[in-house]
Amino acid sequence: MGVVRTAPFKTTTGNIQRHEAAFRLEADETVEICSTGPFYEGYKVELIIRTIIPLFTCKTRLSGDIMLRKTQTKEGITRLYADCK
């Protein structure tokens, strides 16, 4: 599971909000996510990989593919990460 979210912004009522898109991927599956912002510096959004709790977060651009990866250590620990740019 994951979430892509924009930088926070103030609504016309003065509340702070973010645009957010959640996704769930199986192995070798892809999903397309678009955003009009507001963006973080460098035209970036926040990417969060999570289960019940966040496991990985980074800021990355939405231009091109963002590869999510999973590796397993010799001890059997699974690591999830992304190639953030």
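Below is a short write-up of the structure. Note that the structure is a prediction, hence the values are computed from the model and not measured.

### Here's the deal with the packing of aromatic side chains
Stage number 1. A complete count under the given rule lists one aromatic pair for this structure.
Stage number 2. Consider the rings of Phe-39 and Tyr-43, whose centres lie 4.3 Å apart with planes at 45°: the pair is tilted.
Stage number 3. When its relative accessible area of 42% is taken as the criterion, Tyr-43 is described as partly exposed.
Stage number 4. Lys-59 extends its terminal NZ or CZ atom over the ring of Tyr-40, reaching a point 4.6 Å from the ring centre.

### Some details on the layout of surface pockets
Stage number 1. Here the largest pocket is characterised by a volume of approximately 980 Å³.
Stage number 2. What lines the largest pocket is a set of 30 residues, among which Leu-25, Glu-29, Ile-66, Met-67 and Leu-68 lie closest to the centre.
Stage number 3. Elements represented by at least two residues in the lining of the largest pocket include exactly β1 (2–5), β5 (44–50), β7 (68–72) and β8 (78–82).
Stage number 4. At five residues, the largest contribution of residues to the lining of the largest pocket is made by β5.
Stage number 5. Taken together, the residues of the lining of the largest pocket sort by class into 16 nonpolar, five polar and nine charged.

Rules used throughout
- Residues numbered from 1 in each chain as written.
- Predicted model: local features only at pLDDT ≥ 70, side-chain atom pairs only at ≥ 80, totals over all residues.
- Heavy atoms only, no water.
- Phe/Tyr/Trp six-rings, centres within 6.5 Å; stacked < 30°, edge-to-face > 60°.
- Buried < 20%, exposed > 50% of the residue type's maximum accessible area, 1.4 Å probe, protein only.
- Lys NZ or Arg CZ within 6 Å of the ring centre and 35° of its normal.
- 1 Å grid on protein atoms, 1.4 Å probe; cavity = no way out; pocket = protein on both sides within 12 Å on 5 of 7 lines; lining within 4 Å.
- Points joined across faces, edges and corners; volume = space filled by probe spheres on them.
- Helix = DSSP H or I, 4+ residues; strand = E, 2+ residues; numbered from the N terminus.
- Nonpolar A, V, L, I, M, F, W, Y, C, P; charged D, E, K, R; others polar.

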